[in-house]
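Structural description and commentary
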Amino acid sequence: MLRPSLDSLTEGRAVGQSPARLDGRDKVTGRALYLDDLTFPGQVFGRTVRSTVPHARLLGVRFDPAFDWSGITRVTAADIQGDNVVQLIADDQPFLARDVIRHAEEPVALLACADRERLEAALAHVFVDVEPLPPVLDPLRSEVVFKQYLIDHAASGLAEAFARADRVVEGTYLVRHQEQMYIEPNAVCAVPREDGGMTLHGSMQCPFYVHRALQRLLRVGEQQISVLQTVTGGGFGGKEEYPSMVAGHAALLARKSGRPVKMVYRRDEDVAATTKRHPAVMRHRTAVQRDGTLLACEIDVVMDGGAYVTLSPVVASRGVLHAAGAYRWPHARIACRVVQTNTPPNGAFRGFGVPQTIFAVEAQIEKIARELQLDPLEVRRRNALELGDETPTGQKLLWSVSARECLDAVAERSGYAEKRAAFARENAAPGARRKRGIGISLALHGAGFTGAGEAKLKARAGVELTPDGARVLSISTDIGQGTLTVFAQMAADALGLPVPAIEIAESDTSRMPDSGPTVASRTLMVVGGTIAKAAQALSRTLCSFAAEVHGAVAGDVLCENGVFIARGRSLAPFGEIARRWLAERGPLRVVEQYVHPQGIEFDEVSYRGAAYPCYGWSATAVELSVDADTAEVRLDHVVTACDVGKAVHPILAEGQIEGGTVQALGYALLEEVIWKDGRILNTRMQNYLIPTAVDVPHVETILVENPYPHGPYGAKGIGELPATPERILRAIDAAKAGR
Amino acid sequence: MTVRLSMTVNGQPRTAEVPPLKRLLDVLREDLGLTGTKEGCGEGECGACTVLIDGELACSCLVAAAQADGTRIVTIEGIAGRDETLAPVQRCFVEQGGAQCGICTPGMIVAAQRFLDSGAEPSDANVRAAIAGNLCRCTGYQKIVEAIQAAARERGGGA
Amino acid sequence: MISSIPVTSARSLAEAYALLASREPGLRVLAGGTDVMVQLNAGFGIERFGRVLDIWRVPELRGVRIEEGTLSIGALTTYTELMASAAVRQTLPALAAVSAEVGAAAIQNRGTIGGNVCNASPAGDTLPILLASDALFHLGGPRGERAVAADRFFVGYRKTALAADELLLRVEVPISSDRGEVVYRKVGTRRAQSISKTILAVRARADGGALAQVRIAAGCVAEVPLRCRQAEAAADGRPLLPETISAACAALQADIRPIDDVRSDAEYRRRASAAVLGRLLEGFGRE
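This one's a predicted model, so the numbers in the text were calculated from it and none came from an experiment.

**Details of the overall build of chain A**
What chain A contains, in helices and strands, is 17 helices and 30 strands. Considered along the principal axes of its C-alpha atoms, chain A spans approximately 85 × 80 × 50 Å. Taken over 739 residues, chain A has a buried fraction of 65%. Put simply, of all contacts in chain A between residues at least 6 apart along the chain, 82% involve residues at least 24 apart.

**Quick notes on the pattern of salt bridges**
Under the criterion given, the structure shown has 96 salt bridges over all chains. With its nearest N and O atoms 2.6 Å apart, the salt bridge here joins Glu-30 of chain B to Arg-116 of chain A. One end of the pair, Glu-30 of chain B, is in helix H1 (residues 24-31); the other, Arg-116 of chain A, is in helix H2 (residues 116-123), on a second chain. On the basis of relative accessible area, Glu-30 of chain B is assigned to the partly exposed category, the value being 41%. Connected through salt bridges with shared partners, the residues Asp-134, Asp-151, Arg-179, Arg-203, Arg-215, Arg-227, Arg-229 and Glu-232 of chain C form a single ionic network.

**Re the interface of chain B and chain A**
Between chain B and chain A, the contact holds 44 residues from the first and 53 residues from the second. Each partner contributes to the roughly 3,800 Å² buried at the junction of chain B and chain A, and carbon and sulfur atoms together form 54% of this total. Where chain B packs against chain A, one counts nine salt bridges. Linking chain B with chain A are 30 residue pairs in polar contact (both at pLDDT 80 or more), by the criterion used here. Mapped by element, the contributors of at least two residues to the side of chain B that touches chain A are H1, helix H3 (88-96), helix H4 (105-118), helix H5 (124-130) and helix H6 (142-154) of chain B. Ranked by the residues each element gives to the side of chain B that touches chain A, the list is headed by H3 of chain B, at five residues.

**So, the domain arrangement of chain B**
Residue and element names in this part refer to chain B. You can read the domains of chain B as domain 1 (3-78) and domain 2 (88-155). With centres defined by C-alpha atoms, the gap from domain 1 to domain 2 works out at 21 Å. Each partner contributes residues to the interface: domain 1 has 14 residues there, and domain 2 has eleven residues. Carbon and sulfur atoms make up 65% of the surface buried where domain 1 meets domain 2, a total of about 1,000 Å² over both sides. Scanning the region where domain 1 abuts domain 2 turns up one salt bridge. Of the charged contacts, one joins Arg-114 and Glu-56 as a salt bridge, the two residues approaching to 3.1 Å between their closest N and O atoms. Inspection of the domain 1/domain 2 interface yields five residue pairs in polar contact (both at pLDDT 80 or more). Sorting the residues of the side of domain 1 that touches domain 2 by element identifies strand S3 (50-53) and strand S4 (56-59) as the ones contributing at least two each. Ranked by the residues each element gives to the side of domain 1 that touches domain 2, the list is headed by S3, at three residues. Per-class residue counts for the side of domain 1 that touches domain 2 are six nonpolar, five polar and three charged.

**Some points on the side chain of Ser-194 of chain C**
Residues and elements named next belong to chain C. Tracing the backbone shows Ser-194 in the loop between strand S11 (181-188) and strand S12 (196-207). Of the polar contacts made by the side chain of Ser-194, one reaches the backbone nitrogen of Thr-189; its length is 3.3 Å. The residues contacting Ser-194, other than those within four sequence positions of it, are Lys-186, Gly-188 and Thr-189.

**Things to note about the nonpolar core**
The biggest cluster of nonpolar side chains holds 81 residues, and the ones touching the most others in it are Val-89, Phe-93, Ile-131 and Ile-148 of chain B. The residues touching Ile-131 of chain B, leaving out its near neighbours within four places in the chain, are Ala-693 of chain A together with Met-108, Ala-111, Tyr-141, Ile-144, Val-145 and Ile-148 of chain B.

**Comments concerning the interface of chain B and chain C**
Listed as interface residues are 25 residues of chain B and, on the opposing side, 28 residues of chain C. Around 2,100 Å² of area is buried between chain B and chain C when both sides are counted, 58% of it from carbon and sulfur atoms. Run the count over chain B and chain C and you get eleven residue pairs in polar contact (both at pLDDT 80 or more). For the side of chain B that touches chain C, the elements supplying multiple residues, two or more each, are S4 and helix H2 (65-68) of chain B. Of the residues forming the side of chain B that touches chain C, the biggest block, four residues, is contributed by S4 of chain B. A per-class count over the side of chain B that touches chain C returns 15 nonpolar, five polar and five charged.

**Topic: the state of the cysteines**
Applying the stated criterion across every chain, the model contains zero disulfides over all chains. Cys-113 of chain A provides the cysteine sulfur closest to Cys-189 of chain A, a residue in no disulfide bond, and the two sulfurs are 15 Å apart. With a relative accessible area of 0%, Cys-189 of chain A lands in the buried category. A disulfide-free cysteine, Cys-41 of chain B has its sulfur positioned 3.7 Å from the sulfur of Cys-46 of chain B, the nearest such atom.

**Details of the sheet that holds strand S23 (residues 589-593) of chain A**
Across a sheet, strands are paired by hydrogen bonds formed along the backbone, either parallel or antiparallel in direction. Residue and element names in this part refer to chain A. Taking strand neighbours across the sheet as the criterion, the four strands line up as S19-S18-S17-S23 in an open arrangement whose pairing is mixed. In this open sheet, the two edge strands, each paired with only one partner strand, are strand S19 (502-504) and S23. Sheet twist, expressed as the mean angle between neighbouring strand axes with direction ignored, is 20°. The pairing of strand S17 (residues 460-465) with S23 spans five bridges and is classified as antiparallel. Its bridge partner lying in S23, Glu-464 is registered against Arg-589. Taken strand by strand, helix H14 (residues 523-550) contacts S17, strand S18 (470-473) and S23, and its axis lies near 35° from that of S17.

Calculation notes
- Residues numbered from 1 in each chain as written.
- Chains lettered and ligands numbered in written order.
- Predicted model: local features only at pLDDT ≥ 70, side-chain atom pairs only at ≥ 80, totals over all residues.
- Heavy atoms only, no water.
- Helix = DSSP H or I, 4+ residues; strand = E, 2+ residues; numbered from the N terminus.
- Buried < 20%, exposed > 50% of the residue type's maximum accessible area, 1.4 Å probe, protein only.
- Contact = heavy atoms within 4.5 Å.
- Salt bridge = Lys/Arg side-chain N within 4 Å of Asp/Glu carboxyl O.
- Buried area = accessible area lost by both parts, 1.4 Å probe.
- Polar contact = N/O pair within 3.5 Å; in protein donor to acceptor, adjacent residues only side chain to side chain.
- Domains from an automatic or database assignment.
- Nonpolar A, V, L, I, M, F, W, Y, C, P; charged D, E, K, R; others polar.
- Core = buried A, V, L, I, M, F, W, Y, C linked by side-chain atoms within 4.5 Å.
- Disulfide = S-S within 2.5 Å.
- Pairing = 2+ DSSP bridges.
- Axes fitted to C-alpha atoms, helices over the stretch in contact; angles between N-to-C directions.

Laid out in structure tokens, this is it:
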């Protein structure tokens with residue numbers, strides 16, 4: 001029998017299978033406890049008073065003297081002892097507005113009361129005195145640039161390329177806001193501690209963001225804050241940074257009242273006030289050859305960041321780095337700026353700038369194909385990036401490139417060519433009441449943080465020994481995507497144990513190492529890989545111990561299926577060795593730090609180099625029909641091929657792809673944030689519509705596994721790859737044009 | 001003003017004394033300690049608050065307590081067996097990826113169970129129509145539909 | 001505050017009438033809750049709520065019957081009951097069909113035809129069908145009973161002919177083969193749980209190539225659900241030919257006054273309504 005190498009993760013018993021998710025039973029029985037299911041002794045409820053105007057000088061906050069304020073805690077900016085700043089990138093966003101209101105729904109004051117009805121009534125008795133200022137609502141008119149980027153790829157050759165091109169195609173594309181609409185609204189409870197600090201419980205993606213923000217707000221030491229993530233009912237980026245705001249508010253009220261304060265946002269409040277996907281205007285100018293070969297592009301992107309910087313520089317960074325799409329460009333000049341408007345700040349939403357810019361480049365490819373009278377699929381195939389090609393930042397793609405493979409798989413499975421021809425005939429028939437169309441699009445998504453992000457973060461994660469197995473230690477959160485389960489699989493395989501022997505420790509900042517935020521499609525690839533490494537190290541330690549105890553040669557010992565064996569001879573079950581170690585040597589804990597692979601370097605000033613260690617690839621075909629009378633769109637079939645490197649848990653992987661695809665379908669067809677004078681008109685589920693089960697068809701997923709050599713088991717990221725909406729529009733174009 | 005409610009909840013007689021317009025959702029969660037039923041929107045759109053009242057689906061956020069008196073209610077806590085064995089639909093959800101973040105899951109399972117009890121043919125169209133009032137943002141519905149169909153097959157009868 | 005709003009759960013029509021007779025200010029009627037509870041949850045106008053009269057268990061308001069050429073539907077009939085009722089499916093199948101397009105199952109189990117009628121939203125899904133069917137609304141209260149024709153009932157934006165001390169008792173629709181068939185189409189914002197962008201109902205009898213007994217009604221295209229009388233005039237008694245259909249669709253534009261709102265805009269509503277009307281009329285040619 002071959003002994004699998006302990007140093008490389010290339011095989012797994014659990015990895016590659018789809019064990020039942022660890023938190024599944026609790027979720028299907030109603031036992032899983034979300035924040036609002038918890039009751040904290042002595043708790044009161046908190047609510048936020050917000051500005052109703054988008055831009056104003058804040059003159060003051062008054063409390064109606066005729067109202068009975070007894071038993072109601074009131075907090076304004078004046079009560080803040082620490083820094084009135086929500087720590088993130090720039091120190092520009094206050095927890096509570098002080099002198100200036102910069103967006104509608106900006107928090108101005110906080111109220112807490114044990115009686116929720118009195119609390120609701122009290123809100124109407126707080127007067128926010130303002131002197132309105134003219135708001136800037138159109139990003140194209142904004143004069144405040146939060147951040148800008150320029151990618152210059154052999155740009156000196158641009159003029160010549162445009163001059164000799166057979167054709168120059170121009171297009172301008174616009175995408176708007178999208179609301180995450182997690183079914184559980186933002187919810188946090190702050191519990192005052194005896195040491196003057198605060199414990200926060202809440203629905204969130206990034207406990208350490210909250211931890212650091214609150215240290216600063218409350219002016220306390222790191223040890224005086226602890227943040228625990230509760231079971232989180234969806235995030236999609238919408239709970240990346242916003243929970244810091246909610247937690248800060250709850251904490252201010254908790255400090256002043258001395259009681260635990262629970263803040264659970266109402267749905268309309270959550271939609272009106274919290275972060276959304278950045279809208280963007282994208283202009284494309286492309287030089288092409290008659291045969292569809294792309295020669296050069298000039299791309300200009302303007303993103304609307306809203307009133308404060310929040311994560312805009314990073315969204316714009318990712319947006320600009322993907323703006324050229326999954327294609328090979330001899331010359332490119334790509335500019336992107338994100339600007340300020342007097343609207344609620346925008347933030348993270350699955351894809352994080354990429355759905356916007358990929359939408360535009362895909363629309364441009366479609367336009368090019370139309371103008372050249374070529375099959376859009378062929379234009380994509382001709383120009384799709386391949387192994388050895390360079391991206392516009394000069395990154396040579398050395399591994400794991402599947403653009404063509406995904407396109408081909410999807411074209412074949414969807415019957416693209418035959419359908420395209422058949423629909424063209426049908427649509428041309430007189431009296432056709434439904435026009436049918438099929439479109440294909442191609443996308444890529446860089447896995448993990450951009451550039452040196454991971455090197456700066458120095459994510460740490462590990463495992464510790466338990467009497468029957470091991471416990472995974474990390475702050476990474478499961479927000480539905482299955483973190484708990486894939487971590488257990490990876491730890492189990494590295495330790496040679498069955499999955500049920502693994503537990504996952506609670507995400508608590510006072511006890512867990514900082515494995516980084518749950519964002520950027522990094523959890524499995526970066527943190528999972530680090531956990532597996534730690535588990536391997538722990539396993540080696542125990543194998544040596546087992547060898548010592550049982551008189552074997554250390555190098556011969558490994559653990560398989562929960563049993564330590566040496567040269568085919570069983571030595572002892574895992575539990576026996578574990579308990580013996582714990583009794584004789586005490587706890588055993590291994591925490592590893594993520595090490596970014598060598599040679600993957602990115603210059604953050606010139607924006608040259610390897611922006612991401614690897615990319616996920618996806619192609620999608622959407623078949624739909626359009627009612628000629630009412631323009632109603634019916635989705636008939638969706639096929640998507642996604643290369644994720646390695647599907648650690650195929651069912652969870654498909655779940656990410658299906659879920660992300662449906663969010664993209666929603667963005668393309670149903671979801672629209674409607675504004676009037678800087679305020680959102682449709683803040684309820686009744687009028688901001690996300691897809692129901694009858695709005696979307698079966699999504700057929702083809703999982704492509706093209707391993708990334710530095711990823712655990714070859715795995716790359718998956719969370720955001722499916723979120724690009726361009727595919728629908730292609731199909732609609734096809735239908736409308738009667739093709 | 002309060003009303004005295006007597007209901008059968010998950011097979012057990014339960015009482016509560018509450019304001020008559022208190023939402024059944026809040027009576028369940030606060031007065032009866034049954035936090036499995038969730039609030040997602042407060043307007044009857046998301047279905048996270050779905051329960052069965054006298055055998056029929058209802059959004060508990062839209063039912064006034066006064067109207068719940070004398071009714072037979074089933075919540076997510078009443079779907080599994082007395083001995084905690086999972087109902088087939090629950091088990092299929094767990095095994096087939098029907099639950100991701102889980103917040104829509106209680107309402108979804110109640111709706112799914114009602115569908116399965118109706119004996120209707122578990123075609124893709126029928127299953128989707130049965131859960132059209134339960135919004136899910138995570139799964140895209142695919143694995144929810146497949147889990148319900150799998151549970152239907154287990155009941156015997158085939159898809 | 002919601003917890004201090006008193007509720008009377010009436011167990012009979014007499015009990016309901018007694019409360020109505022008291023003329024308590026701010027008296028609100030609660031049936032299935034799919035509208036009133038949404039308002040309470042949102043905190044809309046709570047201060048204007050006096051007492052709530054809960055009629056959910058008033059037996060006289062339930063039941064669907066056919067008697068003497070009339071389909072009689074109790075005000076508390078839910079959408080689910082409309083869908084299941086053999087009487088409705090046989091005599092006014094459009095009403096059963098549109099019920100399946102209201103909300104989703106949980107809403108259909110509690111939402112009532114009486115609620116749809118009395119809320120008088122211009123987007124009420126059953127209302128164009130009731131208007132096109134010459135429905136009669138039977139109202140009752142301590143001062144007695146009376147009937148109001150559907151096309152006189154909707155007097156303004158969310159305003160009806162119902163007096164403060166009256167309830168809707170039942171909806172009556174005259175049925176006879178003379179009157180032809182009612183068809184409709186709802187154009188929603190999505191495929192389930194959606195408020196309409198536009199909704200049209202047409203009743204007609206195809207008499208050897210001509211249209212007779214034409215009624216055309218529309219929702220979401222004015223502040224009230226309304227009969228489209230100019231469109232009717234252009235089609236009634238005319239031969240079922242493309243010219244008639246275009247004339248009716250053109251005349252429709254004079255009947256409707258759609259606005260831009262969060263769901264759609266006026267221009268779309270005009271175009272889609274005309275296109276839908278055209279198809280519905282065409283459908284009569286295929287009988």
